[in-house]
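Secondary and tertiary structure notes
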Amino acid sequence: MDDNQFIDSVANRTGASAEQAAAIARATLTTLAERIDGGEARDLADQLPEGLRAYAFAPHSDAERFGLDVFVQRVGGRADVDPELAQAGIRAVFDTLREAIAAGEYDDVIAHLPAELWQVANPAPPYDGQRNR
């Protein structure tokens with residue numbers, strides 16, 4: 001997936017313009033990089049399209065600890081969008097990441113996030129060895 005495909009995916013999932021989708025993608029990746037440790041952020045950046053890699057580099061080696069409300073606030077502020085579009089954009093970026101990077105890498109990123117962010121990332125439930133009846 002290249003930069004344009006990534007941004008188009010976010011735009012299509014949110015109904016935002018390409019410019020807004022680009023701002024949301026960049027803001028989400030920057031905020032995500034702050035929330036996960038530096039090594040994991042570098043691993044994520046290595047799998048992103050070239051034009052988005054710089055946004056996923058963590059400013060520090062240790063992750064900041066914050067929840068969904070702060071995540072949405074930071075993305076909304078950085079992308080200059082309202083909280084509802086910020087949250088929809090975060091979900092769109094996570095959905096696009098799930099398609100754009102290796103499954104194991106996506107799972108590693110999600111594992112570093114608190115449960116309330118999993119709701120936005122919407123990961124598939126882990127297989128527990130039992131079938132639904």
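Each chain carries its own residue numbering, running from 1 in the written order of its sequence. Totals for whole chains, interfaces and linings use every residue, but because this is a predicted model, local features are given only for residues with pLDDT of at least 70 and side-chain atom pairs only at 80 or more, for both listing and counting. Side-chain descriptors were evaluated using all non-hydrogen atoms of the structure, hydrogens and water having been removed beforehand.

Let us look at a negative patch on the surface. Within the patch definition used here, like charges are joined within 9 Å and nonpolar side chains (Val, Leu, Ile, Met, Phe, Trp, Tyr) within 5 Å, considering only residues with over 30% relative accessible area and no salt bridge. Throughout, the Shrake-Rupley method with a 1.4 Å probe supplies accessible areas, and for residues the shown protein chains are the sole cover considered. When a carboxyl oxygen of Asp or Glu is within 4 Å of a side-chain nitrogen of Lys or Arg, the pair counts as a salt bridge. Charge assignment in this entry is limited to Lys and Arg as positive and Asp and Glu as negative, and neither His nor the chain termini are counted. To locate a charge, take atom NZ for lysine, CZ for arginine, CG for aspartate or CD for glutamate. Side chains of Asp-43, Asp-46, Asp-107 and Asp-108 sit close together on the surface and give a patch of like negative charge. Those elements that provide at least two residues to the negative patch are α3 (38-47) and α6 (103-111). In this fold, Asp-108 is placed in helix α6. In this text, helices come from DSSP runs of H or I with a minimum length of four residues, and strands from runs of E with a minimum of two, each type numbered from the N-terminal end.

Attention now moves to helix α4 (residues 68-79). Helix span, expected: 1.5 Å multiplied by one less than the number of residues in the helix. Its 12 residues give α4 an end-to-end C-alpha distance of 16 Å, which sits within 8% of 16 Å, the value for a rise of 1.5 Å per residue. Each residue is assigned to one of three classes by its accessible area relative to the maximum for its type, calculated with a 1.4 Å probe on protein chains only: buried under 20%, partly exposed between the two thresholds, exposed over 50%. For α4, the full list of buried residues reads Leu-68, Phe-71, Val-72, Val-75, Gly-76 and Ala-79. All buried residues of α4 project into a common sector of 125° when viewed along the axis, lining one side. With respect to the buried face of α4, the exposed residues turned more than 90 degrees away are Asp-69, Gln-73 and Gly-77. Contact between two residues is taken to exist if any of their heavy atoms lie within 4.5 Å; hydrogens are not considered. Contact partners of the buried residues in α4: α2 (18-35), α5 (83-100) and α7 (115-121). Backbone geometry just downstream of α4 places Asp-80 in the positive-phi region, at approximately 60°. Taking the helix axis as origin, the arc is that swept by the directions to the C-beta atoms.

It is worth spelling out the pattern of salt bridges at this point. A full pass over the atoms with the stated rule returns 6 salt bridges. Residues joined by salt bridges that share partners form a network here, namely Arg-13, Asp-95, Arg-98 and Glu-99.

Inspection of the secondary structure puts Thr-31 in helix α2. Taking relative accessible area as the criterion, Thr-31 reaches 0% and is therefore assigned buried. Not counting chain neighbours up to four residues away, the residues in contact with Thr-31 comprise Phe-66, Phe-71, Arg-74, Val-75 and Arg-78.

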